[in-house]
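Report on the structure
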Amino acid sequence: MSFDTIIRNGRWFDGAGAPSAVRNIGIRDGHVVAISPEELDETDCPQVIDATGKWVLPGMLDIHTHYDVEVLDGPGLSESLRHGVTTVMLGSCSLSTVHVGGVDAGDLFGRVEAIPRDQVIAAVDNNKTWSNCDEYVAALESLPLGPNLAAFIGHSDMRTAVMGLDRATRKDDGPTRAEQVRMEQMLKEAIDAGFVGMSSQQLLFDKIDGETCRSRTLPSTYAKPRELRRLKSLLRRSGRVLQSGPDIQNPLNLMSQLAQSLGMFRNPLKTSLLSAADVKANPYAILMMGPLARAVNALGGNFRWQHLPVPFEVYADGIDLVVFEEFGSGAAALHLRDEVERNKLLRDESYRRQFRKDYDNKFGVRVWHRDFFDAQIVACPDESVIGKSFGEVGRDRGSVHPVDAFLDLVLEHGTSLRWRTTISNHRPEVLKKLARDPGIQMGFSDAGAHLRNMAFYNMGLRLLRHVRDAEQAGQPFMTIEQAVHRLTGELADWYRLDAGHLRIGDRADVVVIDPERLDDSLDAYRENPVDHYGGLSRMVNRNDETVNAVLVGGRAVFLDGKLTDLVGTRRTGRFLRAAHRAPSIPTEKGEFASVS
């Protein structure tokens, strides 16, 4: 028996949680064809990877990304590949590019996902050849995809395409009967095309970019119960997933999102809700999330929270950060695109008085803790403030209120003022509990969005490090096998995707990891310019010595710290249709081991 690739002598994890073991793995025609404790015949095998002392696991899944725009001009999606992610999910948070044109896509994605609006418009308008879901899938598969793709259809995408963005974002307007039927047809077409389901959004501080509808919330937030109920019924009947973000300021909305998963006298609605996080602003909320999910599932529901399994550390340039959208004075500043107008507002004493009031108000549900003593300056033309918090700067300047210290520095230095804070997931012991909770999924990386604000492309590696470190300290909270399962097979099975497993017959999406390099390098970030976003400097992770090899469909896309020359030039990934077996992609001899 001949092989295209042999992975020799690594500790093999099957993705299903079974005990790991040292094995030799043979790959042919994009699939695993041999897993053996005995040496495999390497005769005529063009690629042999020595994995002695390494972990060999299925490629990881990232179930929450906003790569919908980037995939059109940068389909290699190398920032995910290099960290062992071989399947990514598009279409989160009600946003997709299946039906809207460039300008509407720019308005929908630009502000809430912090992707340059002009680049969104250009990417969609220059690439769009599709008019329905089947054509969209075909267009994606005509690109040199790096990882595999799966997708939600975005509720805001459909609503905008049917009603127009202006009508779709008005409280006093709703879809006509014909428009409602058209949205249902769009969702059915998506289900038939293999989309995993629909994403919606009820969170009210996600705002629209552009001019006409600027600062209105996303179209899906204006949907009335009847509209949502009819769309959800299609998901129920097909067994597909609803991904949603609740209005966290409205407890009734949150409870209805939980209750909708229940079946009772109908099919349960598979629901993935944003998000389980140990929020600094409310350390008690997380205590309810696991029990709520378990209660719903015990009653016959099929509910999961999405969770980022690492500290949620964010960076900002000046005042450009989405968390400011959650209170009035912050949203007022972000509403103004013109720098002169914005600076005039920031100087106004009545505005500052309102900002201080919003900052000091400790009541109500919030994401950001609003503590400028817990916000460190990391870069500034005035080097004397680097390393200090805004609160400390205020004290140094004579008991200036932290808000005024922050606004003064923004006025002085604009986006040259760079700072960071950790919003949630700051307590390691709480993260351990969340990692074990069966009602919680590992996700919410937001890869491809918030390019200047955060970098969680390697979140799976960081979870594995947390588990490995606890095991080595003699205080394990879960096994490595369980952690791998949570990052791979568990997700693939719930979303009904042909991924996440590494057994004979499975597609050969494989990651080889050096466990000795699950170290502090995982916490650091660097910046890398994105050519198709006008050279914008993006936050990225660089821990290339941790991941030794990544294969997608049996072909190497990352080897020995470098992307291979297949990435961005040849298609290795494919669109994974829910509940369908994915065939292999034909290969050509000699495309296995070259790197660039």
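Residues numbered from 1 in each chain as written. Predicted model: local features only at pLDDT ≥ 70, side-chain atom pairs only at ≥ 80, totals over all residues. Heavy atoms only, no water.

**Brief notes about unusual backbone geometry**
Each neighbour pair has its own omega, and for Leu274 with Ser275 the value is -20°, a cis peptide bond. Note on placement: Ser275 falls in the loop between strand E11 (270–273) and helix H11 (286–298). Of note, the phi angle at Ser94 is positive, near 75°, even though the residue is not glycine. With respect to the secondary-structure elements, Ser94 resides in the loop between strand E7 (85–90) and helix H3 (102–109). Using a relative accessible area of 0% as the deciding quantity, one classes Ser94 as buried. With a phi close to 60°, Ser399 is a non-glycine residue in the positive phi region. Turning to its location among the elements, Ser399 is positioned in the loop between helix H15 (390–396) and helix H16 (402–413). Judged by relative accessible area, which is 68%, Ser399 ranks as exposed. (Helix = DSSP H or I, 4+ residues; strand = E, 2+ residues; numbered from the N terminus. Buried < 20%, exposed > 50% of the residue type's maximum accessible area, 1.4 Å probe, protein only.)

**Some thoughts on the packing of helix H12 (residues 328–335) against helix H13 (residues 339–347)**
Remark: H12 packs on H13, axes separated minimally by 9 Å, with the N-to-C direction vectors making an angle of 155°. Relative to H13, the element H12 is oriented roughly antiparallel. In this structure, H12 uses Ala332, Ala333 and Leu334 to contact H13, whose residues at the interface are Arg342, Leu345 and Leu346. When the residues that make up the contact of H12 with H13 are grouped by side-chain class, the tally is 5 nonpolar, no polar and 1 charged. (Axes fitted to C-alpha atoms, helices over the stretch in contact; angles between N-to-C directions. Parallel < 35°, antiparallel > 145°, perpendicular 65-115°, else oblique. Contact = heavy atoms within 4.5 Å. Nonpolar A, V, L, I, M, F, W, Y, C, P; charged D, E, K, R; others polar.)

**Quick notes on the pairing of strand E10 (residues 241–244)**
On a regular strand, one side chain projects to one face of the sheet and the next to the other, so that they alternate. What you see with E10 is no split at all: Val241 and Gln243 on one side and Leu242 and Ser244 on the other are buried throughout. As paired strands, strand E9 (residues 197–199) and E10 are joined by 3 bridges and run parallel to one another. Paired with Ser199 across the bridge in E10 is Gln243. In the sheet, E10 pairs with E11 via 4 bridges, with the strands oriented parallel. Across the sheet, Ser244 pairs through a bridge with Leu273, a residue of E11. In this fold, the crossover linking E10 to E11 by way of helix H10 (residues 251–259) has right-handed handedness. (Pairing = 2+ DSSP bridges. Right-handed = clockwise from strand over helix to strand, strands pointing away.)

**A short note on the nonpolar core**
Within soluble globular proteins, side chains that are nonpolar tend to cluster in buried spots. Ranked by internal contacts, the top residues of the largest apolar core, which has 102 residues, are Leu149, Ile153, Leu187, Phe195 and Trp305. Aside from chain neighbours lying at most four places away, what touches Leu149 is Val71, Leu77, Val88, Leu90, Leu140, Arg574, Phe575 and Leu576. (Core = buried A, V, L, I, M, F, W, Y, C linked by side-chain atoms within 4.5 Å.)

**Describing the environment of Thr52**
Of note, Thr52 is situated in the loop between strand E4 (47–50) and strand E5 (55–58). When the C-alpha atoms of Thr52 and Asp73 are compared, they prove to be 37 Å apart, with 21 residues separating the residues in sequence. When neighbours within four sequence positions are excluded, Thr52 is seen to be in contact with Arg8 and Asn9. A polar contact of 3.0 Å, which involves the side chain of Thr52, links it to the side chain of Asn9. (Polar contact = N/O pair within 3.5 Å; in protein donor to acceptor, adjacent residues only side chain to side chain.)

**Let's talk about the UniProt feature "domain: Amidohydrolase" (unreviewed entry) in the chain**
Per the UniProt entry, the sites bearing "domain: Amidohydrolase" (unreviewed entry) are residues 47–220 in this numbering. Within the segment residues 47–220, helix and strand shares are 37% and 16% respectively, and the terminal C-alpha atoms sit 49 Å apart. (UniProt positions renumbered as here; feature names shortened; annotations may be inferred.)

**Digging into the packing of aromatic side chains**
Counted under the stated rule, the structure contains 26 aromatic pairs. Centre to centre, the rings of Phe390 and Trp419 are 5.5 Å apart; their planes meet at 80°, and the pair counts as edge-to-face. Of this pair, Phe390 sits in helix H15 while Trp419 sits in strand E15 (residues 418–424), and the two are 29 residues apart along the sequence. With respect to class, Phe390 is no different from Trp419; both count as buried. Taken together, the aromatic side chains of Phe324, Phe327, Tyr351, Phe355, Tyr359, Trp368, Phe372, Phe390, Phe406 and Trp419 make up a single cluster linked through ring pairs. One cation-aromatic arrangement involves Lys270 over Trp494; the distance from NZ or CZ to the ring centre is 4.7 Å. For the cation-ring pair, Lys362 lies above Tyr359, with the distance from its terminal atom to the ring centre recorded as 5.6 Å. (Phe/Tyr/Trp six-rings, centres within 6.5 Å; stacked < 30°, edge-to-face > 60°. Lys NZ or Arg CZ within 6 Å of the ring centre and 35° of its normal.)

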